[in-house]
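What follows is each chain in one-letter form.
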Amino acid sequence: MGNTRGFGGRGRRTLVSALGDRNNRREGLEGVVRVVELHQIQSIVRPTTPSEAWSLRTAQPEATRFLGGGIDLVLYTPGTVTTLIDLSGLGRQGVTADRDGVAIGAETTLSELLEASPIASYAGGILVEVLRHVASPLQRNVATVGGAAARAHPWSDVVLAMLVLDAEIEVFDGASRSVPVAEFFATQAKNVAPLITGIRLPKRPSTARGAFEKFGRTGSDVALLNCACVADAVDGGVRNVRIAVGGTPSLARRLPEAEAALEGEPLSTARAAEVASIAARVVDAREDRRASESYRRTLTEVGVRRCLARLAGEDA
Ligand SMILES: Cc1cc2nc3c(=O)[nH]c(=O)nc-3n(C[C@H](O)[C@H](O)[C@H](O)COP(=O)(O)OP(=O)(O)OC[C@H]3O[C@@H](n4cnc5c(N)ncnc54)[C@H](O)[C@@H]3O)c2cc1C
């Protein structure tokens, strides 16, 4: 077991936080806040293996939380939590390309991922385009990929990118396993959400292209709505089409009806407009305090059309 540090006595910090469920994953609770005092944190433990981290987490589910970069934990930690499990000792940092694709350690920061050479040209560089729009450079220097996947904010740009890139989430919950991204976000953990140890991106042809659109009130705002499209250009048409929309205000989801309308077809401005209107019709858009349903359908149409136009190499 790594070193243990006391946390109390560092002065009180009072933060406004959202009520969260056991695993801090919440949807539709935006705006419901209560005051939490960080001084309840008494220790930080630093395991060196996933099974050590998992035993610490499951031994006291109410009193412990995994700590990645901590940028979310400082905002959304239930008052029952007294111990943080620092994951930086697990050695799961870094991005490597191999013959099956790209492996990303869960403790890799968003900045490290943004600057990693295997990502620069992957699917036309879409992950670079997405990460440049996530929070601010200072937050990206600290926030981890594992934390972004575990937190899964409904407006997450990182989750959206993982969906259109057919990522696999590598987890440990007593045993290591790999979960397809859509299944990972569709299933809510019964008790304790698994430890995320890594993300895998499958090998893609060099003709793969991707595009991303994010709508927000300001350049650094979280998405009112975001969307992304990825496809492989093959013999004058496109294949393996992925179209996903997030912040609807639900967590990002793929739109199979829109994908099917484009699969195997040549991509043109006219086709892009047609598929975009299908996307606007089938997206699970709803109203919340940030935007109306009809506005989100309009944003979906504009966003998907722009993304597909860029895939077609035309001005959006
Ligand atoms: C001000 C602000 C602005 C933001 N803007 C954007 C944005 O524009 N776009 C966007 O996509 N996202 C945005 N985010 C979300 C941000 O990407 C995530 O909050 C961040 O990536 C969380 O990473 P972290 O390492 O700091 O997680 P922590 O704060 O360390 O942890 C977050 C949660 O995940 C759990 N956790 C952490 N690591 C793991 C792991 N390896 N396995 C299992 N559970 C784990 C923790 O226990 C905790 O419940 C923003 C967040 C903030 C605070």
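The structure under discussion appears in the preceding block.
Every value quoted in this text rests on a predicted model; they were computed, and no experiment measured them. (Residues numbered from 1 in each chain as written. Predicted model: local features only at pLDDT ≥ 70, side-chain atom pairs only at ≥ 80, totals over all residues. Heavy atoms only, no water.)

*Asks:* Break down the overall build of the protein chain for me, citing the residues and quoting the values.
*Replies:* Secondary structure summary: the protein chain contains 11 helices and 15 strands in total. Here the protein chain, with 316 residues, has 50% of them falling under the buried criterion. For the protein chain, restricting intrachain contacts to residue pairs at least 6 apart in sequence, the fraction spanning at least 24 positions comes to 63%. When the accessible surface of the protein chain is totalled, it reaches about 14200 Å², and 51% of it is carbon and sulfur. (Helix = DSSP H or I, 4+ residues; strand = E, 2+ residues; numbered from the N terminus. Buried < 20%, exposed > 50% of the residue type's maximum accessible area, 1.4 Å probe, protein only. Contact = heavy atoms within 4.5 Å. Areas by Shrake-Rupley, 256 points an atom, 1.4 Å probe, with all protein chains shown as cover.)

*Asks:* Can you explain the state of the cysteines? Please cite residues and give values.
*Replies:* One covalent bond between the sulfur atoms of two cysteine residues makes up a disulfide. Under the criterion given, the structure shown has 0 disulfides. In this structure Cys 229 is not part of a disulfide, and its nearest cysteine sulfur, from Cys 307, lies 4.4 Å away. (Disulfide = S-S within 2.5 Å.)

*Asks:* Give a description of the nonpolar core that names residues and reports values.
*Replies:* One finds Ile 119 and Met 162 to be the most contacted residues of the largest nonpolar core, which totals 47 residues. Among the elements that line this core, the one with the most residues is helix α7 (residues 157-164), at 7 residues. Residue assignment places this core across two domains, with domain 2 (95-202) and domain 3 (208-311) each supplying three or more. If we ignore the near neighbours within four places in the chain, the residues touching Met 162 are Val 145, Ala 149, Ala 167, Ile 169, Val 181, Phe 185 and Ile 199. Judged by nonpolar contacts, the second largest core, of 26 residues, contains Leu 225, Ala 285, Val 304 and Cys 307. (Core = buried A, V, L, I, M, F, W, Y, C linked by side-chain atoms within 4.5 Å. Domains from an automatic or database assignment.)

*Asks:* Give a detailed account of the side chain of Asn 226, specifying residues and quantitative values.
*Replies:* Within the secondary structure layout, Asn 226 lies in strand β13 (residues 225-234). Reaching out from Asn 226, the side chain makes a polar contact with the backbone oxygen of Trp 155 at a distance of 3.2 Å. Within the structure, the side chain of Asn 226 is placed 2.8 Å from the side chain of Asp 157, a separation counted as a polar contact. Filtering out sequence-adjacent residues up to four positions away, Asn 226 remains in contact with Trp 155, Ser 156, Asp 157, Leu 160, Phe 212, Glu 213, Lys 214, Ala 244, Val 245, Gly 246 and Gly 247. (Polar contact = N/O pair within 3.5 Å; in protein donor to acceptor, adjacent residues only side chain to side chain.)

*Asks:* Explain the packing of aromatic side chains residue by residue, including any values.
*Replies:* Applying the stated criterion to the full structure yields 1 aromatic pair. Centre to centre, the rings of Phe 184 and Phe 185 are 5.1 Å apart; their planes meet at 85°, and the pair counts as edge-to-face. On the accessibility criterion, Phe 184 (7% relative accessible area) is buried. The exposure class of Phe 185 is buried, given its relative accessible area of 11%. When the ring centre of Phe 66 is taken as reference, the NZ or CZ atom of Arg 57 above it lies at 5.8 Å. (Phe/Tyr/Trp six-rings, centres within 6.5 Å; stacked < 30°, edge-to-face > 60°. Lys NZ or Arg CZ within 6 Å of the ring centre and 35° of its normal.)

Purely geometric stuff here, so don't read any function into it on its own.
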